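Descriptive analysis of the structure
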Amino acid sequence: MTLFLVLALGAGLAPAQAQDGPLRIVIDEGVIEPLPVAVPDFVAEDARAADYARNIARVVAADLAGTGLFREIPEEAHLTTVTSFASPVQFSDWKAINAQALITGAVGLDGSGRLTVKFRLFDVFAEAPLGDGLQFGGPATSWRRVAHKVADQVYSRITGESGYFDSRVVFVAERGPKNARQKRLAIMDYDGANVQFLTDASALVLAPRFSPTGDRVLFTSYESGFPRIYLMDVASTRRRALDEQSGTMTFAPRFAPDGQRVVFSLSQGGNTDIYMLDLRSGQRMRLTSAPSIETAPSFAPDGQQIVFESDRSGSQQLYVMPVTGGEPRRISFGQGRYGTPVWSPRGDLIAFTKQNKGRFHIGVMRTDGSEERLLTASFLDEGPTWAPNGRVIMFTRETSGAQGAPSLYTVDITGRNLRQVSLQGAASDPAWSPLLP
């Protein structure tokens, strides 16, 4: 599914200067007043593109509003209708409804079924474009990806951070009663759309994890009767078992940043340690050697350190060690138990699951264990995964009782904007992909 990008609609325009500087949302720890933004339906350049024009604008608006940083001004409040992409913007009409940003666009569809989508972003009070106009294109079937790319550009220009909308999530789709639940690997757009199944329900599957390029997935399967790590090509769904050693169980895999190595837990003779496997040579290296349980390893983005969970101190805690192994240092010292650590793609934070006083939390801390901050609390929250820009965390929340079921939620790293991902059926154990190419 190829998309192209053309920087051909502007002449190197710099961000517009308003009275207080460029239009910009400054994201900090405080309460943020969402920025009012107008997203009128994109202009259809021919009749066949009409549905795409409206649907693309709606996805762009939903992406931005879903961050909690933007508030869409409803269509019924608009004082003017955009009928031509080339027409001058009537800024007074948008100022009157307090729109601070305006997104306009146009959609064309050629005879081969290929979409062309143009858009511009305007600073309404400065009455000027905010950056270059851009053009995207691709097959009509990829219209949602085009919409996400537009939203990523808008988000980036106004926040100064990279976007995360044009990405996917691999997860475990669940069905059936709680005591006999069937589990399948599935993949979806970040917002829950376009769900596709990667495995059937013949074997229990756990812990899917994307490669750094998003084209492969590691996961644990019980199809042999014991946990075993598999590597799957997402496009073809072909898979193969990794590191098959008689009398061992392997689980909790994760890719190294170079995509050529895998770190995982191996259990043999009642002892569980962390190992690393080179996918090219098949060579395996043991990284920990302790009578305790060492599991859930995750690389730092520079590939030089690994965070993991261990009960070597007598309770489940977080530790960091060099990628070559060696003596780890403990980084979690709060009350309760800590697990499932995941290093932020920015490298500055580690997300984790915490259990304390009968409640589960998703939290973040600095890589030295300082500035711990709990973002959620519920009967069962677990398994965080980072958005590609390190701003949002997705996790599993399960409800209590005999009818309890897991769902996927997202939360900002400030603890704001807790949202459930829209999905049909139960879901757990998400892993976010990098931005799609």
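Up top is the structure these notes are about.
Residues numbered from 1 in each chain as written. Predicted model: local features only at pLDDT ≥ 70, side-chain atom pairs only at ≥ 80, totals over all residues. Heavy atoms only, no water.

What follows is about the nonpolar core. Membership of the largest hydrophobic core comes to 53 residues, with the highest contact counts inside it found for Phe42, Ile56, Val60, Phe70, Ile103, Phe119 and Ile158. If one sorts the elements of this core by residue count, helix H3 (residues 143-159) sits on top with eight residues. The contact partners of Ile103, leaving out residues within four places of it in the chain, are Val37, Ala38, Val39, Pro40, Phe42, Val60, Leu64, Phe119, Arg120, Leu121 and Val154. Of all hydrophobic cores here, the second largest spans 13 residues; its members include Val170, Leu198, Phe210 and Val234. (Core = buried A, V, L, I, M, F, W, Y, C linked by side-chain atoms within 4.5 Å. Buried < 20%, exposed > 50% of the residue type's maximum accessible area, 1.4 Å probe, protein only. Helix = DSSP H or I, 4+ residues; strand = E, 2+ residues; numbered from the N terminus. Contact = heavy atoms within 4.5 Å.)

Our next topic: the sheet that holds strand E16 (residues 228-233). One open sheet accounts for four strands, arranged E14-E15-E16-E17; its pairing is antiparallel. Lying at the two open borders of the sheet, with one neighbouring strand each, are strand E14 (205-210) and strand E17 (239-241). Each adjacent strand pair in this sheet contributes to an overall mean axis angle of 25 degrees, direction not counted. In this structure, E16 lies alongside E17, joined through three bridges in antiparallel fashion. Within the sheet, the bridge partner assigned to Leu231 lies in E17 and is Arg240. (Pairing = 2+ DSSP bridges. Axes fitted to C-alpha atoms, helices over the stretch in contact; angles between N-to-C directions.)

Quick look at helix H1 (residues 50-66) now. The terminal C-alpha atoms of H1, which comprises 17 residues, lie 24 Å apart, in line with the 24 Å expected from a rise of 1.5 Å per residue. Three or more residues of H1 are buried, namely Ala53, Ile56, Ala57, Val59, Val60, Ala61, Asp63 and Leu64. In the core, the buried residues of H1 are packed alongside strand E5 (43-44), strand E6 (70-72), strand E7 (101-109), strand E8 (114-123) and H3. After H1 finishes, the residue Gly68 shows a positive phi value of roughly 80 degrees. (Expected span 1.5 Å × (residues − 1).)

Glancing now at H3. In this model, H3 (17 residues) spans 24 Å end to end at C-alpha, consistent with the 24 Å of a helix rising 1.5 Å per residue. Summarising burial for H3: 15 of the 17 residues are buried, a large majority. With its phi angle positive at about 80 degrees, Gly160 sits one or two positions after the end of H3.

Bringing the environment of Leu109 into the picture now. With respect to the secondary-structure elements, Leu109 resides in strand E7. In contact with Leu109, other than residues within four places in its own chain, are Asp46, Arg48, Ala49, Tyr52, Arg114, Leu115 and Ala140.

H3 packs onto H1 with a crossing angle of 45 degrees between their chain directions and a minimal axis gap of 8 Å. Taken as axis vectors, H1 and H3 run oblique relative to one another. Viewed along their axes, H1 and H3 form a crossing whose handedness is right-handed. Two secondary-structure elements touch here, H1 through Tyr52, Asn55, Ile56, Val59, Val60, Asp63 and Leu64 and H3 through Trp143, Arg144, Ala147, His148, Val150, Ala151, Val154 and Tyr155. Of the residues in the contact of H1 with H3, the class split is eleven nonpolar, two polar and two charged. (Parallel < 35°, antiparallel > 145°, perpendicular 65-115°, else oblique. Left-handed = near helix turned anticlockwise from the far one by under 90°. Nonpolar A, V, L, I, M, F, W, Y, C, P; charged D, E, K, R; others polar.)

With that out of the way, let us pick up the environment of Asp93. Here Asp93 is to be found in helix H2 (residues 91-95). Along the backbone, Asp93 and Thr81 are twelve residues apart, and their C-alpha atoms lie at a distance of 9.9 Å. Filtering out sequence-adjacent residues up to four positions away, Asp93 remains in contact with Leu79 and Thr80.

Okay, the pairing of E8 next. Summarising burial for E8: seven of the ten residues are buried, a large majority. Linking E7 back to E8 in an antiparallel pair, the connection comprises four residues, with Gly113 at a positive phi of about 80 degrees. With six bridges joining them, E8 and strand E10 (residues 134-139) adopt antiparallel strand pairing. Bridging from a neighbouring strand, Thr116 pairs with Gly137 of E10.

Applying the stated criterion across every chain yields a total of 28 salt bridges. Between Arg181 and Glu174 there is a salt bridge, with the nearest N and O atoms lying 3.4 Å from each other. When sorted by exposure, Arg181 lands in the same class as Glu174, which is buried. The closest approach of N and O atoms between Arg239 and Glu223, which form a salt bridge, is 2.7 Å. A residue pair is termed long-range when its members are at least 10 positions apart, and Arg239 in strand E17 and Glu223 in the loop between strand E15 (216-221) and E16 qualify at 16 residues. Given a relative accessible area of 41%, Glu223 falls into the partly exposed group. Residues joined in a network through salt bridges with shared partners are Asp41, Arg54, Arg58, Glu72 and Glu75. (Salt bridge = Lys/Arg side-chain N within 4 Å of Asp/Glu carboxyl O.)

Our focus in this paragraph is the packing of aromatic side chains. Taken as a whole and assessed by the stated rule, the structure comprises 13 aromatic pairs. A ring pair is formed by Tyr155 and Phe165, whose centres lie 5.7 Å apart and whose planes are at 85 degrees; its orientation type is edge-to-face. Taken together, the residues span a long stretch of sequence, with Tyr155 in helix H3 and Phe165 in the loop between H3 and strand E11 (168-175) at a distance of ten residues. Ring geometry for Phe165 versus Tyr190: centroids 5.6 Å apart, planes at 55 degrees, classification tilted. With Phe165 in the loop between H3 and E11 and Tyr190 in the loop between strand E12 (182-189) and strand E13 (196-197), the pair connects residues that are 25 residues apart, well separated along the chain. Side by side, Phe165 and Tyr190 carry an identical accessibility label, which is buried. Of note, Arg184 hangs over the ring of Phe197, and the distance from its end group to the ring centre comes to 3.8 Å. Directly above the ring of Tyr409 sits Arg397, whose terminal nitrogen or CZ lies 5.1 Å from the centroid. (Phe/Tyr/Trp six-rings, centres within 6.5 Å; stacked < 30°, edge-to-face > 60°. Lys NZ or Arg CZ within 6 Å of the ring centre and 35° of its normal.)

The topology assignment puts Ser332 in the loop between strand E25 (329-330) and strand E26 (337-343). A polar side-chain atom of Ser332 sits 2.6 Å from a polar atom in the side chain of Gln317. Looking at Ser332, its side chain comes within polar contact range of the main-chain nitrogen of Leu318, at 2.8 Å. Residues contacting Ser332, with those up to four places away along its chain left out, are Gln317, Leu318, Tyr338 and Met365. (Polar contact = N/O pair within 3.5 Å; in protein donor to acceptor, adjacent residues only side chain to side chain.)

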